[in-house]
Structures are given as structure tokens and as C-alpha cells.
Amino acid sequence: MPAGGFAVASSGAEFEAKITPVVIISCLMAATGGLMFGYDIGISGNFESLNLCSSVLLIFFSALNSTCRFGSGGVTSMPSFLKEFFPVVYERTQQHGADDSNYCKYDNENLQLFTSSLYLAALTATFFASYTTRVLGRKHTMLIAGVFFIFGTILNASAVNLFMLILGRICLGCGVGFANQAVPLFLSEIAPTRIRGALNILFQFDVTVGILLANLINYGTSKIQGGWGWRLSLGLAGIPALLLTLGAILVDDTPNSLIERGHLEKGKSVLRKIRGTDNIEPEYQEILEASRIAQEVKHPFRNLLMRRNRPPLVITILLQVFQQFTGINAIMFYAPVLFNTVGFGNDASLYSSVITGAVNVLSTIVSIYFVDKIGRRILLLEAGVQMFISQTIIAIVLGVKLQDNENDLSRGTAIVVVLMVCSFVSSFAWSWGPLGWLIPSETFPLETRSAGQSITVCVNMVFTFVIAQAFLSMLCYMKYGIFLFFSGWVLVMSLFVMFFLPETKGVPIEEMTERLWKEHWFWKRFMDEDVVKKESV
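Where an unreviewed UniProt entry is consulted, the chain appears under the name Sugar transport protein 13-like isoform X1, with the organism given as Momordica charantia. Regarding the chain, the UniProt comment filed under Subcellular location (unreviewed entry) reads as follows: "Membrane".

Laid out in C-alpha cells, this is it:
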């Protein structure tokens, strides 16, 4: 890419774009949707990005130390919360008999429903969000997400029965559906091409920060006497919810969205402001042309099925499936592991949250730094090797050294597994975590962008829901074999990236068809001009 802040379009025109304060501030405020998402899944014990680390360590540390107690890193680890809403699980966690399997204590349908209801609600909400994103704009869709988050927080913090608790969880899921629909599009459209990846990954970075903050808050509130600490943990989710709502009120909508909805002068004004230059005519004309094409599309979801839109659609669906089958969302409801065997003593729970959370946050920063330098493909391929090795070693160690309740894992072996688990978390955090959201948000043309993002969120939530519902039973029956299962998937997805995923680094968002799909060895067959013309008739 040429120096001096220019992005070259395929037509030969140059898009001048400075990195302006208004872009940075707008992206930071919009990305707080990720902070809310991360805080929610961390506070409830469903570790979107940390669950693998916590659960594996829990399994073998519990076998090492009979004084270790099962629990979730979230409110589901708090006895008062379990006793009030999930008494069956509470009774299991109080039993420490020889016949009590460490793998099956949390195999409970109501507890799985508590977590997975969020994803089911998000799946449904994303189709409504597709409409609001297109008709009302990215800004107002983020505002709707903030309102859902606020209502969900109030219901959860004040819940007196399971129905109220799950209703609050559903509201939070609706917020996730609207936020995950609008925020990645907002970030991709407002960012200059050369730093689009870094600014988009701010969403995932805020997810990891939210999880870390949630774990630290859970550690503190779990020590509150009187059994009401879980209410404080759930109630504090109101802070990121308010930040997202305030941010949605203050930011301008993207030029792409404004122009698509007919606000041409406003769109041009915003484009001039975010690019920090008066020389915005080439980019404005390109957005205007994309908007003209978008206006001709009356049924964007039907348009997605056309042959010319098949490459981004197929890649989007597979990226979401693969992201879930890395294994990162597989382990749920477990506490930060007692690190007694590696010398952390009574504060092991706190240190566990800090260590794994810090690995996740710092690794996401790695992705922010490198994604626009070395590209998306290199990060995904490197992480595939690292995740495959880490999970294979974990499976071998657990298979050889550990049965359900045998205390035969040495301290040295425990340290090796800790390192492998954290290696897995770090590789996911700089690859499939953020890039699974980034790539779909930048590859669809304007006329199908909102519908494409709905498919992204929908498929992600479907497979997250499936994993959420099935994993505890899978863990109960497959035990250490679960990691071989997911490592096999890591191999498959790495081969897909190698052969079928084109590099989007440095390609202007409205130039993907010309510079990406028409040049790729496989996908260019779907860009046949005669077929495209017939579809357009």
C-alpha cells in the first residue's frame, strides 16, 4: 500500500484517509458492545474465550487434590446462586464421594439452558437486527442493543426465580444479536482501509477485557457474606451496557449506511470528517455506486443465494462453524482452577483468573498489531499449528496420566498442561477469535452486507448453542477424547484456510469483488460475467 495515508482502488483512484481522532473515538465507543458481551459471558461462567483453559485445569487439578471443589468461574460457582436456582447441581457440588465423577457434576439441563438461552435469543434477534441495520442504520441498531442489555441486567440482578433469570438472559441474548450485527459492520465501514483489521478487532479485544474484569469481580463478590454477591456481579453489567448505549447516542452513523438510506449530504459530511480531508470524492463516488446497486436489491437474503455472492457466503458460514469447533467454547460452567499444585495456595482462584485473562487480552493485542501487517491468513495458519499441538498434548497427558478420580498427575506434568492450555488460549485469541468476526464483516458487498452479517451471527449462535447444549454430556462420556475431537477439526479448518481463504488485508471494502473473488484460483469461477448478467436481469 502506498505511504502517506492512501488506499488504492482497483479503478486506479486513491482514497485519501488520515487516522483521525473522531474515527478512533467512534470505534472505541462502538466496541464497548464487546465489553458488554465479554462481561456477560464471564460473569455467568460461560467462558467464551477462557473456558477451555479453566475447564481442563479443573478436571485434572480436581483429581490431584481431593479438597478442590467444582464450580464455575462465574456466578454459577457461588453456592447461594446454585442453591436458589439449580439445587440439583448444588447438591452434586457438595458431594465428594469416590463414585462421584468429576466429569459429570454440571451435566444439568436447566443449567445448560441458562447459558445457551443467550445464544438462542441472539440467533433469533439477528434477523430483526438485519432489518434495523439496513433501514435504521448501524448507530440505531447499536442503541437497540444497549437497551436490551440494560433490561437484561436489571432482570438478572433482581431475579427471584429461574423464569426471571432466563428471561433476563434472553434479553441479554437479544442485545448480543443486535450488537454483533451492527458493531463489526460499523467498525469495518468507518475505519481507513490500512487499519481496518486493527480497529475491527477492538470488538474482540473488549470481549477479552470484559471476561477478565468479570472474573476479578466474581472473585471479590464470592467472598461477600450473606449470599447476595451474585446479584452485585450481575448488576455491574449495567456499566458496560450504559457505555454502549451512550456511545450509540453520541457517534455518527457510517457514511455507507447514511448514503444507502438516502442521506447523501450527511453521508458526505461524515465521510469528510472521519477521513480528515476534503479529498473524499473518489471514495464517495464508490460508496454512491455501491448504494445505487444496493437500492436495486429488494430481497437481500434472497440475493445472498445468487452465484456471485456464494464465495463470501460459503466462507462466512464455514468460518463460524470452524470458530466453534476449535474447542474454545466447549468447556462451560467451571471455576478458575485452584492452582494449589503449582504453588498459588489460597489465592489460586484469583491468580487463575488473572493469568488466563491476561493471556487472552495480551494475545488479542498481538492480533491488533499484526493483522494489517502480515495479514489474516498467516495468523490463522500459525494458530492452527499451535492449537493442534496444544490440544493433542493435553489429550495425551490426560489419557495416559488421569482417570476420573485417580490422583496420579505430578506437579511437573500439571505445569506442562497449564502451559499447553494457555498456549491454546493465546493462539485462539489472536486468530479465530477476532478474525472469525472480522473477515465476514469486510467481504460482503453493500447490497448484502447487513444480510450477510445476520448469517454470520446466526450461524455462530446456532453452533455455539449446539456446543453449549451438548458439551457437558460430551465431556461426561468422551472425557479426554474431547480434545482429540477438536484437534481434528483444527486440522480440517487449517487446510481450508490454506487453499480457499483469500487475503483481505489492504483491500478497500467496496473493492472485494474485483480484487478478491475475481482473482482467486477457485472462487473466480463464480464471478463469470455472463452468469452475473443473467442473475441481474
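Q: What's the story with the packing of aromatic side chains in this structure? I'm lost.
A: The description of an aromatic ring pair uses the distance of the two centres, along with the angle that the planes make with each other. For the structure shown, the criterion picks out 25 aromatic pairs. Here the basic side chain of Arg-169 rests over the ring of Phe-114, its NZ or CZ set 5.1 Å away from the ring centre. Stacked on the ring of Tyr-369, the Lys or Arg Lys-373 has its end atom at 4.9 Å from the ring centre.

Q: Any chance you could explain the environment of Leu-28 here in plain terms?
A: Examined against the element boundaries, Leu-28 turns out to sit in helix α1 (residues 21-30). Note on Leu-28: relative accessible area 45%, which makes it partly exposed. Linking Leu-28 and Leu-202, residues 174 residues apart in sequence, is a C-alpha distance of 7.1 Å. Residues contacting Leu-28, with those up to four places away along its chain left out, are Leu-202 and Asp-206.

Q: Mind showing me how you'd approach the nonpolar core here?
A: When a protein is soluble and globular, its nonpolar side chains tend to lie buried together. Counting residues in each nonpolar core, the largest one holds 69 residues, and the members touching the most others are Phe-81, Phe-86, Met-142, Phe-149, Leu-165 and Met-461. Tallying contributions element by element places helix α8 (residues 162-190) first for this core, with 11 residues. When we break this core down by domain, the ones giving at least three residues each are domain 1 (18-51 + 70-92 + 104-253) and domain 2 (301-536). Aside from chain neighbours lying at most four places away, what touches Phe-81 is Val-75, Thr-76, Phe-86, Phe-114, Leu-165 and Trp-230. In this structure, Leu-435, Ile-439, Met-512 and Met-527 belong to the second largest nonpolar core, which totals 31 residues.

Q: Honestly, the side chain of Thr-504 in this entry has me stumped. Any pointers?
A: Tracing the backbone shows Thr-504 in the loop between α23 (481-500) and α24 (512-517). Separated by 2.4 Å, the side chains of Thr-504 and Glu-442 make a polar contact. Sequence-distant contacts of Thr-504, defined by excluding residues within four places in its chain, comprise Arg-196, Arg-376, Glu-442, Thr-443, Met-512 and Leu-516.

Q: Help me out: how do you make sense of a nonpolar patch on the surface in this one?
A: The grouping of Val-385, Phe-388, Ile-389, Leu-491, Leu-495, Met-498, Phe-499 and Trp-521 at the surface amounts to a nonpolar patch, some 770 Å² of accessible area in total. Elements with a minimum of two residues in the nonpolar patch: α19 (376-401) and α23. Of the residues forming the nonpolar patch, the biggest block, 4 residues, is contributed by α23. Mapped onto the fold, Leu-495 is located in helix α23.

Cut-off values and rules
- Residues numbered from 1 in each chain as written.
- Predicted model: local features only at pLDDT ≥ 70, side-chain atom pairs only at ≥ 80, totals over all residues.
- Heavy atoms only, no water.
- UniProt positions renumbered as here; feature names shortened; annotations may be inferred.
- Phe/Tyr/Trp six-rings, centres within 6.5 Å; stacked < 30°, edge-to-face > 60°.
- Lys NZ or Arg CZ within 6 Å of the ring centre and 35° of its normal.
- Helix = DSSP H or I, 4+ residues; strand = E, 2+ residues; numbered from the N terminus.
- Buried < 20%, exposed > 50% of the residue type's maximum accessible area, 1.4 Å probe, protein only.
- Contact = heavy atoms within 4.5 Å.
- Core = buried A, V, L, I, M, F, W, Y, C linked by side-chain atoms within 4.5 Å.
- Domains from an automatic or database assignment.
- Polar contact = N/O pair within 3.5 Å; in protein donor to acceptor, adjacent residues only side chain to side chain.
- Patch = residues over 30% accessible without salt bridge, like charges linked within 9 Å, V, L, I, M, F, W, Y side chains within 5 Å.
- Areas by Shrake-Rupley, 256 points an atom, 1.4 Å probe, with all protein chains shown as cover.
- Salt bridge = Lys/Arg side-chain N within 4 Å of Asp/Glu carboxyl O.

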